[in-house]
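Descriptive analysis of the structure
Each chain, letter by letter, is given below.
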Amino acid sequence: MRLTVIGTGYLGAVHAACMADLGHEVLGVDIDAEKIAALGEGRVPFYEPGLQEVLGRAVDSGRLRFTTSLDEAADFGDVHFVCVNTPQRRDSPAADLRAVDAVIEGLAPRLHRRCLIVGKSTVPVGTTARLGTRVGELAREGADVEVAWNPEFLREGFAVQDTLRPERLVVGVQSARADRTLREVYAPLLRIGVPYISAGPATAELVKVAANSFLATKISFINAMAEVCDAAGADVTTLADALGYDTRIGRRFLRAGLGFGGGCLPKDIRAFTARAEELGVGGAVSFLHQIDAINTRQRQRTVDIARDMAGGGFEGRRIAVLGATFKPDSDDVRDSPALAVAAAIHGEGADVRLHDPRGLDNARAVLPVLDYVPDVAKACEGADLVLHLTEWTDYRRIDPAELAVVTRTRRILDARNALDPALWTSAGWTLRALGRPTPA
Ligand code: NAD
């Protein structure tokens, strides 16, 4: 099949490369000419494990090409996947759909034969129906165009494996024909047993925001428990282990810490509450405001504990920050809790030296005032305090005794509950974590 993938960012670049890997002819489209040039040469313009190999293979095979031309896309595609960004609006919690709308306004009048537009971006419920009407208004005579939605569940850091072996595929379709087309696109995945859920567009749109709301709730739940544990002298990691044995609850997403960030969870739960309010059911999901508030409070809590560990203030203190990205195995710093904490302590006068294995360039672009250091030991040189803010595997491998040689004092705040307290304390460090008593 001939597919276009419009919007070649974290989602679209992976989708385009993986669809070509599955055997389709794919044309990636973006308005960012630099990104298109890099991808066209088989270079991934961001960090995503495993993507370089799949992209390189797909470009070399001739099955994957890139363009900035919507005319070319309209001529080429039997199926057009829309993967553009849907960030939070500046003036409200709602989703900014300008990029999705721009794609439809640009693409629909150019279409001249039978094809299917399939949204993958995360959108408010009702978007497919709205865009379907708009496409009907814009379509040329002779064009036969339908709109469907196929929300994406990939995780940055695991995006290739999540696309080639997803836990499920969800499609929102309005006709048997659209359903057949999508089954054909995903035939290689259906053959290996990937569950395929075909629903109406509204249900499919809601599955995505409901899933993210549930995950956000799980994280904020355990973070709320961590605060209670701190007050009561209890240990949230043991609590989470004990809860997790209950198969109705499960252990995953119960690691207390600095909370969630990134380009999806925070804006998705906000957009969901805004859309629910428009639909007159804001009260049904008002708990998500609390989930959001608990999440952001972890950033302040981390700053407060760090200030306390730094002796009551940051002025004149050198603070080493380990981690800038919102999660490990990604270079994405959108709404990163680590960067928010680093910015806050810098604002209080700390001399911040920040390390991240992959996110330094992106972090520097959004927060140029910090000192970015590409080496852990150098970042920690002379530090009065080390903050562990993103749980990269590299940081779990640090030898605390070796690090102690370069720091000024042996104090570390593990805001991700990922380091081994026994290992650090036996090397003479004071290690504090969120929701755990400080080892003697
Ligand atoms: P991104 O910002 O990395 O990529 C978006 C791309 O769309 C950019 O390259 C941008 O230049 C391009 N674009 C914008 N307007 C365009 C237009 N008019 N025509 C062509 N291209 C255009 O964003 P992302 O992280 O890939 O997210 C895209 C969507 O996927 C969002 O709705 C997001 O919520 C959803 N999503 C993302 C992930 C993830 O892990 N990143 C996972 C699931 C769903």
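What counts, and at which threshold
- Residues numbered from 1 in each chain as written.
- Predicted model: local features only at pLDDT ≥ 70, side-chain atom pairs only at ≥ 80, totals over all residues.
- Pairing = 2+ DSSP bridges.
- Helix = DSSP H or I, 4+ residues; strand = E, 2+ residues; numbered from the N terminus.
- Right-handed = clockwise from strand over helix to strand, strands pointing away.
- UniProt positions renumbered as here; feature names shortened; annotations may be inferred.
- Contact = placed C-beta atoms within 7 Å.
- Axes fitted to C-alpha atoms, helices over the stretch in contact; angles between N-to-C directions.
- pLDDT = per-residue confidence, 0-100.
- Buried ≥ 20, exposed ≤ 12 C-beta atoms within 10 Å, placed from the backbone.
- Near = placed C-beta within 6 Å.
- Nonpolar A, V, L, I, M, F, W, Y, C, P; charged D, E, K, R; others polar.
- Domains from an automatic or database assignment.
- Left-handed = near helix turned anticlockwise from the far one by under 90°.
- Core = buried A, V, L, I, M, F, W, Y, C linked by C-beta atoms within 7 Å.
- Arc of directions from axis to C-beta.
- Parallel < 35°, antiparallel > 145°, perpendicular 65-115°, else oblique.

1. What about the pairing of strand β14 (residues 430-433)?
Summarising the sheet, strand β13 (residues 411-414) and β14 pair through 4 bridges and their orientation is parallel. Directly across from Arg411, in β14, lies its bridge partner Thr430. Considered for its hand, the β-α-β crossover made up of β13, helix α19 (residues 421-426) and β14 is right-handed.

2. Considerations on the UniProt feature "domain: UDP-glucose/GDP-mannose dehydrogenase C-terminal" (unreviewed entry) in the protein chain
Under the UniProt annotation, "domain: UDP-glucose/GDP-mannose dehydrogenase C-terminal" (unreviewed entry) lies at residues 320-421. Each end of residues 320-421 is marked by a C-alpha atom, and these two atoms are 18 Å apart; helix forms 32% of the span and strand 18%.

3. Concerning the sheet that holds β13
Strand order in the open sheet formed by 6 strands is β11-β10-β9-β12-β13-β14, with parallel pairing between adjacent strands. Only two strands of the sheet have a single neighbouring strand rather than two, namely β11 (371-372) and β14. This element, helix α13 (residues 287-309), spans β12 (385-388), β13 and β14 of the sheet and lies at about 170° to β13. Of the strands in this sheet, β9 (318-322), β10 (351-355) and β12 are in contact with helix α14 (residues 337-347), which crosses β10 at around 160°.

4. A word on the confidence of the model for the protein chain
In the predicted model, the protein chain carries a mean pLDDT of 97, and the fraction of residues at 70 or more is 100%. For this predicted complex, the interface confidence reaches an ipTM of 0.99, while the overall pTM sits at 0.97.

5. Brief notes about unusual backbone geometry
The phi dihedral of Asp329 is positive, around 60°, even though this residue is not glycine. Secondary-structure assignment places Asp329 in the loop between β9 and α14. Among the residues examined, Asp329 registers 20 C-beta atoms within 10 Å and is labelled buried. Although it is not a glycine, Asn417 adopts a positive phi angle of roughly 45°. The topology assignment puts Asn417 in the loop between β13 and α19. According to the C-beta neighbour criterion, Asn417 is buried, with 21 such atoms within 10 Å.

6. Focus on the site of the ligand
Surveying the vicinity of the ligand reveals 26 residues, the closest of which are Gly7, Gly9, Leu11, Ser121 and Thr122. When grouped by side-chain class, the residues that make up the shell around the ligand number 12 nonpolar, 9 polar and 5 charged.

7. Topic: the pairing of β9
A regular strand places its side chains so that they alternate between the two faces of the sheet. Within β9, 4 of the 5 residues are buried, which leaves the element mostly enclosed by the surrounding structure. As judged from the 5 bridges shared by β9 and β10, these two strands associate in the parallel manner. Residue pairing in the sheet places Val321 in a bridge with Leu354 of β10. Remark: the β9/α14/β10 crossover connection has right-handed handedness. Bridge count for β9 against β12 is 4 bridges, and the pairing is parallel. Bridge pairing in β12 links Val321 to Leu387.

8. Some points on the domain arrangement of the protein chain
Looking at the assigned domains, one finds that the protein chain contains domain 1 (2-199) and domain 2 (200-440). Each of domain 1 and domain 2 was reduced to a C-alpha centroid, and the two centroids are 32 Å apart. Taken together, the 29 residues of domain 1 in the interface contact 26 residues of domain 2. Broken down by secondary-structure element, the contributors of at least two residues to the side of domain 1 that touches domain 2 are α6 (127-138), β6 (144-149) and β7 (169-172).

9. Remarks on the packing of helix α10 (residues 201-232) against helix α12 (residues 265-278)
The interhelical angle for the contact between α10 and α12, taken along N-to-C directions, is 115°, at an axis separation of 9 Å. Relative to α12, α10 is oriented so that their crossing is left-handed. In contact with Val209, Asn212, Ser213, Leu215 and Ala216 of α10, α12 contributes Leu265, Asp268, Ile269 and Phe272. Taken together, the residues of the contact of α10 with α12 break down into 6 nonpolar, 2 polar and 1 charged.

10. Let's talk about the nonpolar core
If you look at the biggest cluster of nonpolar residues, it comprises 127 residues, and the most contacted ones within it are Ala17, Ile319, Val321 and Leu387. Examining the composition of this core, we find that 9 residues originate from one element, helix α1 (residues 10-21), more than from any other. In terms of domain composition, this core takes at least three residues from each of domain 1 (2-199) and domain 2 (200-440). If sequence neighbours within four positions are ignored, Leu387 has contacts with Ala306, Ile319, Ala320, Val321, Leu322, Val341, Leu413 and Ala415.

11. Quick look at the environment of Leu116
Take Leu116: it is sitting in strand β5 (residues 114-119). Accessibility expressed as a C-beta count within 10 Å gives 23 for Leu116, which makes it buried. Leu116 has contacts with Val79, Glu146, Ala148, Ala178 and Thr181, leaving out every residue within four places of it along the chain.

12. Describing helix α2 (residues 33-40)
Given 3.6 residues to a turn, an α-helix orients residues that are three or four positions apart in the same direction. Buried within α2 are the following residues: Lys35, Ile36 and Leu39. One side of α2 carries all its buried residues, which in axial view fall inside an arc of 100°. Among the exposed residues of α2, those oriented more than 90 degrees off its buried face are Ala33 and Glu34. On its buried side, α2 packs onto α1, β2 (25-29), α3 (51-61) and β3 (64-67).

13. Structural notes on the packing of α10 against α13
Packing of α10 against α13 brings their axes to within 9 Å, and their N-to-C directions diverge by 50°. Considering the angle they form, α10 stands oblique to α13. When the axes of α10 and α13 are compared, the crossing they make is left-handed. Between α10 and α13, the contacting residues are Ser213, Ala216, Thr217, Ile219, Ser220, Asn223 and Ala224 on the first element and Leu288, Ile291, Ile294, Asn295 and Gln298 on the second. Of the residues that constitute the contact of α10 with α13, the class distribution is 6 nonpolar, 6 polar and no charged.

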